[in-house]
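Commentary on secondary and tertiary structure
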Amino acid sequence: MPYETQPQASHFIDGQYVEDTQGTPFEVIYPASGAVIARLHEATPAIIDRALDAARRAQRDWAALSGTERGRILRRAADLMRERNHDLSVLETWDTGKPYQETSVADATSGADALEYFGGIAASLTGEHIQLGENWVYTRREPLGVCVGIGAWNYPTQIACWKGAPALACGNAMVFKPSETTPLSALKVAEILHEAGLPAGLYNVVQGLGAVGASLIGDSRVDKVSLTGSVPTGRKVYAAAAEGMKHVTMELGGKSPLVIFDDADLENAVGGAILGNFYSSGQVCSNGTRVFVQKGIKERFLTRLAERLAQARIGDPMDPETSFGPMVSERQMEIVQGYIEKGRAEGARLVTGGERLEREGFWLTPTVFADVTDEMTIAREEIFGPVMAVLDFETEEEALARANATEFGLAAGVFTRDLARAHRMAAGFEAGTCYINTYNDAPVEAPFGGMKMSGVGRENSKAAIEHYSQLKSVFVRMDDVEAPF
């Protein structure tokens, strides 16, 4: 196995790597070859206790610091992350199978963006003064306490920072559980934060499967739970957190619509559809996998799409020329293969792809189905793989109604040269994150999150501060108190 992929220990607690070999062992698999690249141990109850106790102990002193002092450490961590972008990107590629061409520009860099952004606004997290005649109220913005973050396997570095940065900026402590499929990168995030000056105990990483997450969520020492994951997992986590009246952020799945009108710029529309379906081998929660194409442009769209997909470079993810990588795991590949078979069986027209490559690892070719109808399984269920469903439509009203006919509401996009129509569509979409003439841009300055079954709360931007802090109101009376007796 590559030396650099085996961490010093499975967990990072109270400022140091920690191992407990009593925990159930599990293997980390390189998706491009199926090779074992690391062996870790699941967190035992003793490890979980140690992490939560460290977080609880460290949080009070951290909250007592000024926002300026907290922000300085986060910004220093961002600088370190950027300096080490190459090594972090290589590790991310080993961990996820995503091409280095992608990880080098989209993973550690976006994590650093989050640390820098929240480090920059930490000093501005103040309350307000409300004058009421001679009396007044002032508010204090206070941390929640100990936050638990539960990550998904598609963007492990980014998610570790998207949750950790606002939590720490607000004065909280974080215990983060990465996905057991991609457990390596979060350890490096913890290491960098500690090196940047973060006091021990404030960002802890514990490994494990669902049972470890459940133990963290149900613990009385935890004040907030933030999950990135699927809707079924989100239901369970939300219900468990509700038992203790814990604050929650749920960033869940989607079956997002991408609507392309006849007047759209064809190259940009095809590019947006590629980004919204095949980046990260289709393993992106906000992907626009229901591509509604107006009938006048449909065949030209499909032809140009197939031409550009033929240019995808499938190969060694470490090769900077490679632009399309494997699925994250054998299980995920099998799930996607099942959906491809359902697409064929239910009468969708396979335009391109749909094959497993004859090589080691978990490789599927980019897949496009046309003539898809709303009731087909591939148009209703989240696939989380490189499968695009192209549906026909005729009118704007029809497209909007069909786009919203789903339980999900994470994202939506529209391509058109008619900007009035573009803004009508954006206003009408039942989705938390919308795009006009682009798709899947996710700058840290913009709120990200879903409506309906796609989640609760927002990540990134100033909006995230509301989900990692709470307001205390203090009424100050300057005149005499009037009492009834």
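Source: prediction; values computed, not measured.

Here, the word disulfide means a covalent bond between the sulfur atoms of two cysteines. Using the criterion set out here, one finds 0 disulfides in the structure. The thiol of Cys 170 is unpaired, and the distance to the nearest cysteine sulfur, on Cys 147, comes to 8.3 Å. Given a relative accessible area of 6%, Cys 170 falls into the buried group.

A word on the pattern of salt bridges. Enumeration over the complete set of coordinates arrives at 34 salt bridges. Note that Glu 459 is salt-bridged to Lys 163, the shortest N-O span being 2.9 Å. Here Lys 163 lies in helix H6 (residues 156-169) and Glu 459 lies in the loop between strand S19 (455-456) and helix H16 (463-467), a separation of 296 residues in the sequence. Pair check on accessibility: Glu 459 and Lys 163 agree, each one buried.

Before going further, it helps to examine the pairing of strand S8 (residues 173-177). Across the 5 residues that make up S8, a large majority, 5, are buried. Here S8 shows a buried face lined by Ala 173, Val 175 and Lys 177 and a second buried face lined by Met 174 and Phe 176. Examined bridge by bridge, strand S7 (residues 146-150) and S8 share 5 bridges and lie parallel to one another. Bridging across to S8, Ile 150 finds its partner in Lys 177. Chirality of the crossover, the property in question, places the unit of S7, H6 and S8 among those that are right-handed. Sheet topology note: the S8/strand S9 (residues 203-205) ladder contains 3 bridges and is parallel. Along S9, the bridge assignment pairs Met 174 with Tyr 203. Handedness of the crossover is the feature at issue here: the chain leaves S8, passes through helix H7 (residues 185-195), returns alongside S9, and the resulting connection is right-handed.

Criteria and thresholds
- Residues numbered from 1 in each chain as written.
- Predicted model: local features only at pLDDT ≥ 70, side-chain atom pairs only at ≥ 80, totals over all residues.
- Heavy atoms only, no water.
- Disulfide = S-S within 2.5 Å.
- Buried < 20%, exposed > 50% of the residue type's maximum accessible area, 1.4 Å probe, protein only.
- Salt bridge = Lys/Arg side-chain N within 4 Å of Asp/Glu carboxyl O.
- Helix = DSSP H or I, 4+ residues; strand = E, 2+ residues; numbered from the N terminus.
- Pairing = 2+ DSSP bridges.
- Right-handed = clockwise from strand over helix to strand, strands pointing away.

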